[in-house]
Amino acid sequence: MRIAVDAMGGDSGPGAAVQGSAAAVLAWPDLSIDLFGPRTLLEAELESLPRHLAAAGSHLSVHHAPSAIRQDQRPSDVLRRGGDTSMAHMLGHLAAGRAVAGVSAGNTGALMALSRRELGMVGGIPRPAISTAIPTRGDGRCYLLDLGANVDVSADRLIDFARMGDVMARHVDGLVSPRVALLNVGSEGTKGSASVREADAWLAGTTSLNYCGFVEGNGIFAGMADVVVCDGFVGNAVLKASEGLTHMLIERVQATFDAHWGSRLVGLLARPALRRLKSELDPVRYNGASLLGLDGIVIKSHGGADATGFSYAVLRAANEVSRDLPSRLARELGSRHDRSQQEQR
């Protein structure tokens, strides 16, 4: 399995992408990584791989791309003048069939625009949606979408998100009948924007999804649904707020144990449990958001992800490849669209 990586998209340069790719290779033995960026920079990173990652070096190859996309660069500008960038080269490599998935920590808008141009869409979906899994009660997880790609959306787009999230949860997590919900400010049918209420009416009338109605923000983490649908503005705010809350709680707990000698003693005894809790809640474990709806697999890593976080994004890409997600989306979204039209008649 060969995955293409834009090594220049992260906030701190190519180090995290190169080391994260190496860590992913060690975790997924038949994986090979094509790294895109300035050759001299990437070769220097490969030569300086830590000893515990050095064995993965033979599975990493460098492909020269002279420039990188800035985080503040407009997608329209990238489409016109971004042909020599690491992101464009990576996606061209993927579109040509020389890799089966792509990963980038770069500019989200540029990644969306270039991916759509290079790969196209499936199942009648007009634009990709960004989705990731977040932890919920009882060691569960929930797919939240959209996370920022589509800020102001119609009811039809919310319905598309619901259908794509359902396919993701069934084929990646193996859920037979995922519970799908719309994020709203209340559970009453009269609440929410016009597009949310319209989407609710359609979803409530279809038999092709296990739709369970509205869910409020606290219901996401309570595990009340397996797929939660919202517009990109709300989804991005929920995701960033949950990441910030997690970091704050972990810091507060640690500070409480460090406050005086008695609590420090208790903290020493509780350290294994605290370490496990931090590992379970750390957003790094859930790094890597899928661009659903593309005719190919592209994963967006957090720009600030370290090597460990980037490795999770690469492994997410490998997992979606193993599940043949784009083909399943193309097949099921098309058939469900036909079935939905029949139901409406």
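Residues numbered from 1 in each chain as written. Predicted model: local features only at pLDDT ≥ 70, side-chain atom pairs only at ≥ 80, totals over all residues. Heavy atoms only, no water.

Asker: Explain the overall build of the protein chain to me, please; I cannot follow it from the model alone.
Answerer: Broken down by element type, the protein chain carries 12 helices and 11 strands. Expressed as a percentage of the 345 residues in the protein chain, the buried residues total 49%. Expressed as a percentage of contacts within the protein chain between residues at least 6 apart in sequence, the contacts between residues at least 24 apart total 73%. Entry remark: accessible area of the protein chain is about 15800 Å², with carbon and sulfur atoms responsible for 52%. (Helix = DSSP H or I, 4+ residues; strand = E, 2+ residues; numbered from the N terminus. Buried < 20%, exposed > 50% of the residue type's maximum accessible area, 1.4 Å probe, protein only. Contact = heavy atoms within 4.5 Å. Areas by Shrake-Rupley, 256 points an atom, 1.4 Å probe, with all protein chains shown as cover.)

Asker: What am I meant to see in the side chain of Thr 136 here?
Answerer: Counting through the fold element by element, Thr 136 comes out in strand E5 (residues 129–136). A residue is classified by how much of its surface remains accessible, and Thr 136, at 13% relative accessible area, is buried. A polar atom in the side chain of Thr 136 sits 3.2 Å from the backbone nitrogen of Arg 141. Sequence-distant contacts of Thr 136, defined by excluding residues within four places in its chain, comprise Arg 141, Cys 142, Ile 220, Phe 221 and Gly 223. (Polar contact = N/O pair within 3.5 Å; in protein donor to acceptor, adjacent residues only side chain to side chain.)

Asker: Mind showing me how you'd approach the nonpolar core here?
Answerer: Generally speaking, soluble globular proteins have nonpolar side chains that are buried together. One finds Leu 91, Leu 144, Ile 220, Val 228 and Val 298 to be the most contacted residues of the largest nonpolar core, which totals 34 residues. Of all the secondary-structure elements, those providing two or more residues to this core are helix H4 (86–95), helix H5 (108–119), E5, strand E6 (140–145), strand E7 (179–183), helix H9 (232–257) and strand E10 (289–292). Summarising the domain contributions, this core has at least three residues from each of domain 1 (1–121 + 295–323) and domain 2 (129–292). With residues near it in sequence (within four places) discarded, Leu 91 still touches Leu 111, Leu 114, Ser 115, Glu 118 and Val 298. Of all hydrophobic cores here, the second largest spans 31 residues; its members include Val 122, Tyr 143, Met 164 and Leu 209. (Core = buried A, V, L, I, M, F, W, Y, C linked by side-chain atoms within 4.5 Å. Domains from an automatic or database assignment.)

Asker: How do you make sense of the pattern of salt bridges when you look at a structure like this?
Answerer: When charged atoms on two side chains of opposite charge get close, those side chains can pair. As enumerated under the stated definition, the model contains 12 salt bridges in all. For Arg 39, the salt bridge is made with Glu 43, and the minimal N-O distance between the two is 3.8 Å. With Arg 39 and Glu 43 both in helix H2 (residues 39–47) and four residues apart, the pair spans about one turn of that helix. A relative accessible area of 34% means that Glu 43 is categorised as partly exposed. Close ionic contact of Asp 226 with Arg 179 constitutes a salt bridge, the shortest N to O distance being 3.1 Å. You can see Asp 226 sitting in the loop between helix H8 (217–221) and strand E9 (227–229) and its partner Arg 179 sitting in strand E7, a full 47 residues away along the chain. Note on Asp 226: relative accessible area 12%, which makes it buried. Among the charged side chains, a salt-bridge network with shared partners connects Arg 157, Asp 160 and Arg 163. (Salt bridge = Lys/Arg side-chain N within 4 Å of Asp/Glu carboxyl O.)

Asker: Looking at this structure, I do not really get H5. What am I missing?
Answerer: Because an α-helix packs 3.6 residues into every turn, residues spaced three or four apart end up facing the same way. For H5, built from 12 residues, the straight-helix expectation of 16 Å at 1.5 Å per residue is met to within 8% by its first-to-last C-alpha distance of 16 Å. When we look at burial in H5, the residues that qualify are Ala 110, Leu 111, Met 112, Ala 113, Leu 114, Ser 115 and Leu 119. Where the residues of H5 are buried, they touch helix H3 (75–81), H4, strand E4 (101–104), E5, E10 and strand E11 (298–300). The N-capping residue of H5, defined by a side-chain oxygen 3.0 Å from the backbone nitrogen of Gly 109, is Asn 107. Trailing H5 by a residue or two, Gly 120 shows a phi angle of about 80°, which is positive. (Expected span 1.5 Å × (residues − 1).)

Asker: For this particular structure, what's the right way to read the confidence of the model for the protein chain?
Answerer: Predicted coordinates in areas of low pLDDT are best not read in detail. Per-residue confidence for the protein chain gives a mean pLDDT of 86, with 88% of residues at or over 70. The low-confidence segment residues 336–345, where pLDDT is below 50, has 14 contacts with residues more than four positions distant or belonging to other chains. (pLDDT = per-residue confidence, 0-100.)

Asker: For this particular structure, what's the right way to read the state of the cysteines?
Answerer: When the sulfur atoms of two cysteines share a covalent bond, that bond is a disulfide. Scanning the model with the defined rule gives zero disulfides in all. In this structure Cys 142 is not part of a disulfide, and its nearest cysteine sulfur, from Cys 212, lies 9.5 Å away. A residue is classified by how much of its surface remains accessible, and Cys 142, at 0% relative accessible area, is buried. Residue Cys 212 is classed as partly exposed on the basis of its relative accessible area of 39%. (Disulfide = S-S within 2.5 Å.)

Asker: It is not clear to me how the pairing of E5 should be interpreted in this structure. Could you clarify?
Answerer: The two faces of a sheet get side chains in turn, since along a regular strand they alternate between them. Within E5, seven of the eight residues are buried, leaving the element largely enclosed by the surrounding structure. With three bridges connecting them, E5 and E10 associate as antiparallel partners. Within E10, the residue paired with Ser 131 across the bridge is Ser 290. Between E5 and the antiparallel strand that follows it, E6, lie three residues; Gly 138 among them carries a positive phi value of about 70°. (Pairing = 2+ DSSP bridges.)

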